[in-house]
Amino acid sequence: MAQSNEKQPVEKKAKKTDKNKKPNIFVRFGRKIKETFSELKRVTWPSFGKALKSTGVVLVIVLIFTVITTGVNYGFTALLNLITNLGG
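Residues numbered from 1 in each chain as written. Predicted model: local features only at pLDDT ≥ 70, side-chain atom pairs only at ≥ 80, totals over all residues. Heavy atoms only, no water.

(A) The arrangement of the overall build of the chain in detail. A tally of regular secondary structure across the chain gives two helices and zero strands. Residues classed as buried in the chain amount to 0% of the 88 residues present. Here the chain has roughly 9500 Å² of accessible surface; of this, 65% comes from carbon and sulfur atoms. (Helix = DSSP H or I, 4+ residues; strand = E, 2+ residues; numbered from the N terminus. Buried < 20%, exposed > 50% of the residue type's maximum accessible area, 1.4 Å probe, protein only. Areas by Shrake-Rupley, 256 points an atom, 1.4 Å probe, with all protein chains shown as cover.)

Structural data, given as structure tokens:
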């Protein structure tokens, strides 16, 4: 059993260093903004005509639902007036 004169590496306890520490809010916000812009570069944007057509479809649907909701509201208002006027 020969003993060597080489030193055995001593394991040190892991200290909380910068790599274990969470970066501050400004660094995280900056990274998020950078990621957002890089993601937006990869988006396939629609043409102007297609965007205009889609906007028109949305506006028509909103108008249809507005008319339906107004009609139902008018109907319930008339029904409520009919019910409340019968009692008096």
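Additional details are given in the paragraphs that follow.
(B) Highlighting a nonpolar patch on the surface. There is a patch of nonpolar side chains on the surface, built from V57, V60, I61, I64, F65, I68, V72, F76, L79, L82, I83 and L86 and spanning about 1200 Å² of accessible area. On the accessibility criterion, I64 (44% relative accessible area) is partly exposed. (Patch = residues over 30% accessible without salt bridge, like charges linked within 9 Å, V, L, I, M, F, W, Y side chains within 5 Å. Salt bridge = Lys/Arg side-chain N within 4 Å of Asp/Glu carboxyl O.)

(C) Focus on the environment of N24. If you trace the backbone, N24 turns up in the segment before α1 (25-41). Separated by 3.1 Å, the side chain of N24 and the backbone nitrogen of F26 make a polar contact. (Polar contact = N/O pair within 3.5 Å; in protein donor to acceptor, adjacent residues only side chain to side chain.)

(D) Focus on α1. Helix length check: α1 (17 residues) gives 25 Å between terminal C-alpha atoms against 24 Å at 1.5 Å per residue, within 8%. Of the residues flanking the start of α1, the one acting as N-cap is N24, its side-chain oxygen 3.1 Å from the backbone nitrogen of F26. (Expected span 1.5 Å × (residues − 1).)

(E) Here's a closer look at the pattern of salt bridges. A complete count under the given rule lists two salt bridges for this structure. Residues E35 and K32 are paired through a salt bridge, measuring 3.9 Å at the closest nitrogen-oxygen approach. Here the residue E35 and the residue K32 both occupy positions in helix α1, the gap between them amounting to three residues, near one helical turn. E35 gets classed as partly exposed once you look at its relative accessible area, which sits at 47%. A salt bridge links E39 to R42; the nearest nitrogen and oxygen atoms lie 3.5 Å apart. With relative accessibility at 60%, the residue R42 sits in the exposed group.

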